[in-house]
Amino acid sequence: MGRQSRDQRDTDFVEFVAARRARLFRTAYLLCGDRDRAEDIVQTTLAKLYPRWGRVQRVGAVDAYVRRMVVNTHLDEVRRPWRREHPVEHLTDRPAPEPTGPEDHDELWSALRELAPGQRRVVVLRHYWGLSVEETAADLGISTGTVKSQTSAALARLREALTDEIRGIR
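Only a predicted model underlies this, so the values are computations on that prediction, with no experimental measurement involved.

> Lay out the overall build of the protein in plain terms, naming residues and giving numbers.
The secondary structure content of the protein amounts to 8 helices and 0 strands. The helix and strand sequence of the protein, counted from the amino end, reads α-α-α-α-α-α-α-α. Expressed as a percentage of the 170 residues in the protein, the buried residues total 35%. For the protein, the accessible surface area stands at approximately 10400 Å², while carbon and sulfur atoms represent 50% of it.

In structure tokens:
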């Protein structure tokens, strides 16, 4: 690969990251509910993407590929919690970060964080990304029937939580 094409590949990658990073972070945050973990998920995803960038670009459907990488990286983190564990003596005391995005203040985001992880993943892909049932099933490696049932159950729980919030029950 020539210097010119490497430079162009790097430029294209930087432009992609600049344009999509906020959405990737929000997706990771909606999946895991934790800003630090979401940042780790995005960083891991981008680190895995960079060496594959030329091939991913040539094949096309970059957004779908990266979206699936974010979901898979999140699933890897959920399945391997020991990767996140640190001895207590190495942790520093620090205050919780101040809320900085609408998801920290909004009742919908709060209700979404209360969903079971599988339901949350389906809702994020179906309604935040706007994917079809089939695309969601393919991204998550589950059946379309599971996507439909998870979506139905999640929307019912969200509806109930938001109705309770409106009525002041919470």
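> Tell me about helix α2 (residues 35–49), residues and numbers included.
Along its 15 residues, α2 runs 21 Å from first to last C-alpha, staying within 8% of the 21 Å computed at 1.5 Å per residue. Three or more residues of α2 are buried, namely Arg35, Ala38, Ile41, Val42, Thr45, Leu46 and Leu49. Looking straight down α2, one finds that the buried residues subtend no more than 125 degrees of arc, so they occupy a single side. Where α2 begins, the side chain of Asp34 points an oxygen toward the backbone nitrogen of Asp36, at a separation of 3.1 Å.

> A description of the pattern of salt bridges should follow, citing residues and the corresponding values.
Per the counting criterion, the structure on display carries 5 salt bridges. One salt bridge in this structure joins Glu39 and Arg21, with 2.1 Å as the shortest N-O distance. Within this pair, whereas Glu39 is found in helix α2, its partner Arg21 is found in helix α1 (residues 3–32), the two being separated by 18 residues in sequence. For Arg21, a relative accessible area of 23% puts it in the partly exposed group. The partner of Asp76 in a salt bridge is Lys48, with the nearest N and O atoms 3.8 Å apart. You can see Asp76 sitting in helix α4 (residues 62–79) and its partner Lys48 sitting in helix α2, a full 28 residues away along the chain.

Definitions and cut-offs
- Residues numbered from 1 in each chain as written.
- Predicted model: local features only at pLDDT ≥ 70, side-chain atom pairs only at ≥ 80, totals over all residues.
- Heavy atoms only, no water.
- Helix = DSSP H or I, 4+ residues; strand = E, 2+ residues; numbered from the N terminus.
- Buried < 20%, exposed > 50% of the residue type's maximum accessible area, 1.4 Å probe, protein only.
- Areas by Shrake-Rupley, 256 points an atom, 1.4 Å probe, with all protein chains shown as cover.
- Expected span 1.5 Å × (residues − 1).
- Arc of directions from axis to C-beta.
- Polar contact = N/O pair within 3.5 Å; in protein donor to acceptor, adjacent residues only side chain to side chain.
- Salt bridge = Lys/Arg side-chain N within 4 Å of Asp/Glu carboxyl O.

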